[in-house]
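# Descriptive structure summary
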Amino acid sequence: MPTEDCQLTQPTPYTLHILNLIRWKNLLMIALVQLLMKYALFEPFLESTNLTMTLNGFGFGLLVVSTLCLAAAGNIINDIYDVETDLVNRPEKVIIGSKLSEKTANTLFIILNVIGVLIGFYLSNLVGRSGFFAIFVIISALLYIYASYLKPILLVGNITISALVAMSIVIVGVFELIPVITAENQATQFTFFKIVLDYALFAFLITLAREIIKDLEDVDGDYKTGMNTLPIAIGRARSTKVAFAITLIPLFGSIYYVTTYLFKYELFIGYFLMFISAPLIYTTFKTFNAKSKKDYSHISNMLKLVMLFGMLSLLLYPIVLK
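Here's what I pulled together on the structure shown here. It should be emphasised that the depicted structure is a prediction, and the values quoted were computed from it without experimental measurement. Note that residues are indexed from 1 along each chain, following the sequence as it is written. Selection of residues for local features in this predicted model requires a pLDDT of at least 70, selection of side-chain atom pairs for listing and counting requires 80 or more, and totals for whole chains, interfaces and linings are taken over all residues. The side-chain quantities take in all heavy atoms of the structure and omit both hydrogens and water.

### Overview of the overall build of the protein chain
Stated precisely, the cut-off is as follows: Numbering of helices and strands runs from the N terminus, with a helix taken as a DSSP run of H or I at least four residues long and a strand as a DSSP run of E at least two residues long. Atoms counted for the radius of gyration: C-alpha only. Globule rule: 2.2 Å times residue count to the power 0.38. Relative accessibility under 20% of the residue-type maximum defines a buried residue, over 50% an exposed one, and the middle range a partly exposed one, all with a 1.4 Å probe and only protein chains included. Residue contacts are counted whenever heavy atoms from the two residues lie within 4.5 Å of one another. To measure how exposed things are, a 1.4 Å probe is used in the Shrake-Rupley method; for residues, cover is taken only from the protein chains shown.
What the protein chain contains, in helices and strands, is 15 helices and zero strands. Against the globule reference of 20 Å for 322 residues, the protein chain gives a C-alpha radius of gyration of 21 Å, in line with a compact fold. Dimensions of the protein chain along its principal axes, counting C-alpha atoms only, are 60 × 50 × 45 Å. In the protein chain, which comprises 322 residues, the proportion classed as buried is 47%. Sequence separation of 24 or more characterises 77% of the internal contacts of the protein chain that already satisfy a separation of 6 or more. Surface summary for the protein chain: the accessible area is close to 15,800 Å², and the carbon and sulfur share equals 67%.

### Description of the nonpolar core
Note the cut-off: What makes a nonpolar core is a set of buried Ala, Val, Leu, Ile, Met, Phe, Trp, Tyr and Cys residues whose side-chain atoms join them at distances within 4.5 Å.
With 73 residues, the main nonpolar core has Leu-41, Phe-42, Leu-63, Phe-175 and Tyr-317 as its most contacted residues. Of all the elements, helix 9 (residues 186-217) adds the most residues to this core, at 14 residues. Beyond its immediate sequence surroundings of up to four residues, Phe-175 is in contact with Thr-54, Leu-55, Leu-63, Leu-123, Ser-124, Val-127, Phe-132 and Phe-136. In terms of nonpolar packing, the next biggest core, distinct from the first, is built from 20 residues, Leu-21, Ile-30, Cys-69 and Leu-100 among them.

### Considering a nonpolar patch on the surface
Our working rule: The patches reported here contain residues having more than 30% relative accessible area and no salt bridge. Joining distances are 9 Å for like charges and 5 Å for nonpolar side chains (Val, Leu, Ile, Met, Phe, Trp, Tyr). We define a salt bridge as a side-chain nitrogen of Lys or Arg found within 4 Å of a carboxyl oxygen belonging to Asp or Glu.
Among the surface-exposed residues, Tyr-81, Tyr-144, Ile-145, Tyr-149, Ile-153, Leu-154, Leu-155, Val-156 and Ile-159 lie close enough to one another that they form a single nonpolar patch of about 730 Å² accessible area. Mapped onto the nonpolar patch, the elements with two or more residues apiece are helix 7 (133-150) and helix 8 (156-177). In terms of residue count, helix 7 provides more of the nonpolar patch than any other element does, three residues in total. For Leu-155, a relative accessible area of 30% gives the class partly exposed.

### A few points about the pattern of salt bridges
Taken as a whole and assessed by the stated rule, the structure comprises six salt bridges. In this structure, Asp-220 and Arg-236 form a salt bridge, with 3.1 Å as the shortest nitrogen-oxygen distance. Of this pair, Asp-220 sits in helix 10 (residues 219-224) while Arg-236 sits in helix 12 (residues 236-261), placing them 16 residues apart in sequence.

### Some details on the environment of Ala-134
Among the secondary structure elements, Ala-134 is positioned in helix 7. C-alpha separation for the pair Ala-134 and Ile-269, spaced 135 residues apart in sequence, amounts to 39 Å.

### Some points on helix 2 (residues 13-21)
Selection rule: What the arc measures is the spread of directions leading from the helix axis to the C-beta atoms.
Restricting attention to buried positions, one finds in helix 2 the residues His-17, Ile-18 and Leu-21. Angularly, the buried residues of helix 2 cover 100 degrees about the axis, an arc narrow enough to put them on a single face. For helix 2, the secondary structure elements touched by its buried residues are helix 4 (57-81) and helix 6 (102-126). Just beyond helix 2, the residue with positive phi is Arg-23, at close to 60 degrees.

Right, here's the structure in full:
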């Protein structure tokens, strides 16, 4: 095949800059988790239990698109407000002002927000719960408020973004399970919704620990721009211990979850020990002894890996529980 033809299929640098701006890898993770919730946790149990779902494939696709649009918009507005800090912490990764103009970034932010909220409005009415539209408005508003106001506030920004990550999981249960709750299927619907909440809590804790680790990694730039993150407020050493303590919660929580609910299933036990508990033990040990920016970067990547393995465990439910 001629070289010219190969080049035609490659994305342009402009497109790549936009993909990096919206954090396409993080968006893929959100989409993957939502797909796993529907097709690994819910769908396989429709016939064997009293479980009922609301959305067909089209409706669920709209939910994913809406979530991704709002998340992408949140990533853009966060980068817009973080330019000064990022120029200190990671100047080679700054996109706004060097690769794309701030005007372009703001336009993309508005377009993605409008699309996400409008789809949310349509979807809420589609399932007969118009009040659910408020969820999309609140998510959109919180992402903007986080980037423009909450992020520099001690722990408030960390907790807010962690809650929003957890909400990207909870929203699947809200739209799939709640609108079709009846007296007959209530117990089943709540059982599956509780599983959704357990995974959302896991995501919240891992994200919270990672947010503090990222603050430790970026403390120099944050200090110069007047932010009041945990490492700036109480020092690196104490903040490292806080992050260490937080990583212990999902570690013990996952052990408790498996031993309490899934102790009969060897596959679950083996998976959690190998891909969740072992990496978390390693990560907590590394966190306790972390001192350099390289250490914090490594821990951040490990927590992302733990998050991925944690969500992939959803694939085990149709294998061992059917």
